[in-house]
Amino acid sequence: METGEVMVFTGPRFALTVRHGPADPTGEAARRLGEDPPLLRFGPLAVLHAVLDTVVDSYTEAAVQVRTDLTALERRVFSPERDDLTEQIYSLRREVLEFRDAVQPLVPVVQDFAGPQAGWPEETLPYFRDVADHLHRTDTEVRSLEELLNSALDAHLARVGTWQNDDMRRISAWAAILATPTLIAGIYGMKFAHMPELSWTYGYPLAITVMVGAAALLHRTFRRNGWL
């Protein structure tokens, strides 16, 4: 998102534009005036309208591009992949905020231009009303984009929390599976003189079988419950 500043000074017989920043709408405005000779009869007001119309149209194009980026980002937020999109969402949100700061101050100005102005021909008002209508739709779109980005960020953070909970459940499940053989081996590792099955020939295979069976049973239970 690249923004700049364009100032238009008009008088009875002149129109002067001053530009700051990379954006330059004057070339496109001049082209539009050349394609609409009837508009030139309004003199400096025609130049003002052409510049405003060009700027507002560029806002509309930018809103479409941001909407496309947001749609792609939303698809990634709800995709099965575990991509950390927090930085990208914040980056797009900063651009939308910069976009909003460029659009909103112009709204009341253009609305004033669309109303009766002292010394302005009545025939010019429909032109400025058309620009005001386009700007109003763009302003509404920018507000909608900001709300959708906030929702996308909340959804992404919720998914990150879900991923962390899933990881903790898997870790807890594997810890429980490993704890059972450890418990059995720990009890028989105490080496007391009088313990059951110490002198039995099949005591060791039985202990191994119990460990494996208990671990397999826990693994099956955790998988059935969605923990693994």
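Shown above is the structure to which this text applies.
Residues numbered from 1 in each chain as written. Predicted model: local features only at pLDDT ≥ 70, side-chain atom pairs only at ≥ 80, totals over all residues. Heavy atoms only, no water.

A. View of the overall build of the chain. The secondary structure content of the chain amounts to six helices and two strands. Computed over the C-alpha atoms, the radius of gyration of the chain is 35 Å, more than 25% above the 17 Å expected from 2.2 N^0.38 for a compact globule of 228 residues. Counting over 228 residues, the chain shows a buried share of 29%. A fraction of 68% describes how many contacts in the chain between residues 6 or more apart in sequence connect residues 24 or more apart. If you sum the accessible surface of the chain, you get close to 14,400 Å²; carbon and sulfur atoms cover 58% of it. (Helix = DSSP H or I, 4+ residues; strand = E, 2+ residues; numbered from the N terminus. Rg over C-alpha atoms; globule rule 2.2 N^0.38 Å. Buried < 20%, exposed > 50% of the residue type's maximum accessible area, 1.4 Å probe, protein only. Contact = heavy atoms within 4.5 Å. Areas by Shrake-Rupley, 256 points an atom, 1.4 Å probe, with all protein chains shown as cover.)

B. Region of interest: the environment of L97. Mapped onto the elements of the fold, L97 is located in helix α3 (residues 86-103). The class of L97 is partly exposed, set by a relative accessible area of 23%. Sequence-wise, L97 and R143 are 46 residues apart; in three dimensions their C-alpha atoms are separated by 9.4 Å.

C. Looking closely at the side chain of T124. Looking at where T124 falls in the secondary structure, it is placed in the loop between α4 (106-113) and α5 (125-188). In this structure T124 touches F42 and L45, once residues within four positions along its chain are discounted.

D. Quick peek at the layout of surface pockets. As a volume, the largest pocket reaches approximately 910 Å³. Surrounding the largest pocket, 33 residues form its lining, G4, A23, V55, S58 and Y59 being those nearest its centre. Among the secondary structure elements, those contributing two or more residues to the lining of the largest pocket are β1 (5-10), α2 (44-77), α3 and α4. The leading source of residues in the lining of the largest pocket is α2, at twelve residues. Taken together, the residues of the lining of the largest pocket sort by class into 19 nonpolar, six polar and eight charged. (1 Å grid on protein atoms, 1.4 Å probe; cavity = no way out; pocket = protein on both sides within 12 Å on 5 of 7 lines; lining within 4 Å. Points joined across faces, edges and corners; volume = space filled by probe spheres on them. Nonpolar A, V, L, I, M, F, W, Y, C, P; charged D, E, K, R; others polar.)

E. Spatial organisation of the pairing of strand β2 (residues 15-20). Alignment of β1 against β2, held across six bridges, turns out to be antiparallel. Pairing of F9 across the sheet is with L16, part of β2. Once β1 ends, the chain turns through four residues before running back antiparallel as β2. (Pairing = 2+ DSSP bridges.)

F. Inspection of the nonpolar core at higher detail. If you look at the biggest cluster of nonpolar residues, it comprises 39 residues, and the most contacted ones within it are L52 and L135. Elements supplying a minimum of two residues to this core: α1 (26-35), α2, α3, α4 and α5. With 15 residues, the top contributor of residues to this core is α2. If near-sequence neighbours (up to four positions away) are discounted, L135 is found in contact with V56, Y59, V103, L106, V107 and V110. (Core = buried A, V, L, I, M, F, W, Y, C linked by side-chain atoms within 4.5 Å.)

Interpretation in functional terms is not warranted from these geometric data alone.
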